[in-house]
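# Survey of secondary and tertiary structure
As a plain string of letters, each chain reads:
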Amino acid sequence: MVQELPSVFLVGPMGAGKTTIGKLLAKQLGRTFVDSDWYIESQTGADIAWIFAKEGEAGFRERETRAIDELTQSPQIVLATGGGAVLAAENREFLKQRGIVVYLNAPVDVQMARTSKDKSRPLLQQPNPRKILQDLYSIRDPLYRQVAHIIMPTGHTYPRHMVSQLMQQLNAFFDGTATIPKDNKE
């Protein structure tokens, strides 16, 4: 299955575990792991916070669309996207058409716990980050669901166990025994 499986693209809100799960999944599949934000930083020589500060969110989103277009054309990778990557219709199309999209669905409480001390997230540098996360979730959740082939809740188990569950879902998806989208609620 591993050789024939297309690239796997992880989407979801900040703090969902896309990078952690992505690295573990890539190792399990024997594939290259790429984080789209890290890719943008390596291409520009600037971190995401600096890009937001200098170019605004619109400038960053333009860079992100170019990166998503390039990265989704790479064969046999595991890609973790930024939380807002699904905002652009182009990105949703690139993701949905070029690989298997897994939505890591993290409730706002999980996001808060995982991001509360992280100063590198420009959108959360506000007086009320919980409200920001709730507002982002209400806007983005339908978009994540629209693009997802597999939906997995996060924050309920250890990352390695989650990757094991995800491997089962990928096998079912690839074998044609899964429905699309697959909402893997326990």
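The structure under discussion appears in the preceding block.
Numbers given to residues run from 1 along each chain, matching the order in which its sequence is written. At least 70 in pLDDT is required for a residue's local features to be given in this predicted model, at least 80 for side-chain atom pairs to be given and counted, and no such filter applies to totals for whole chains, interfaces and linings, which use all residues. The side-chain figures draw on all heavy atoms in the structure; neither hydrogens nor water molecules are used.

Classification of ring pairs uses Phe, Tyr and Trp, with its six-membered ring standing for Trp, and accepts pairs whose centres are within 6.5 Å; under 30 degrees between planes counts as stacked, over 60 as edge-to-face, and the remaining range as tilted. Across all of its chains, the model carries three aromatic pairs by this definition. Pairing F52 with F60 gives two aromatic rings, centres 5.0 Å apart and planes at 35 degrees, and the pair type is tilted. Here F52 matches F60 in class, with each residue buried. A centroid spacing of 4.8 Å and a plane angle of 35 degrees characterise the contact between Y103 and Y144, whose relative ring orientation is tilted. Relative accessibility thresholds used throughout: buried, under 20% of the residue-type maximum; exposed, over 50%; partly exposed, between the two (1.4 Å probe, protein chains only).

By nonpolar core we mean a set of buried residues, namely Ala, Val, Leu, Ile, Met, Phe, Trp, Tyr and Cys, connected to one another through side-chain atoms within 4.5 Å. Counting residues in each nonpolar core, the largest one holds 26 residues, and the members touching the most others are V11 and L95. Taken together, the elements giving at least two residues each to this core come down to β1 (8–11), α2 (36–44), α3 (48–72), β3 (77–80), α4 (89–98), β4 (100–105) and α6 (129–147). Only DSSP runs of H or I reaching four residues or more are called helices, and only runs of E reaching two or more are called strands; each is numbered from the N terminus. Examining the composition of this core, we find that seven residues originate from one element, α3, more than from any other. In what follows, residue pairs with any heavy atoms lying within 4.5 Å of each other are defined as contacts. Filtering out sequence-adjacent residues up to four positions away, V11 remains in contact with K18, T81, V86, L95, V101, V102, Y103, L104, Y144 and V147. Counting 25 residues, the second-largest nonpolar core is a separate cluster that includes V8, L24, L25 and I100.

Let's shift gears to helix α1 (residues 18–29). Compared with the 16 Å implied by 1.5 Å per residue over 12 residues, the 16 Å span of α1 between its first and last C-alpha is a close match. Looking only at α1, the buried set comprises K18, I21, G22, L24, L25, A26 and L29. Two residues or fewer after α1 comes G30, characterised by a positive phi angle close to 70 degrees. What a helix should span is 1.5 Å times the count of its residues minus one.

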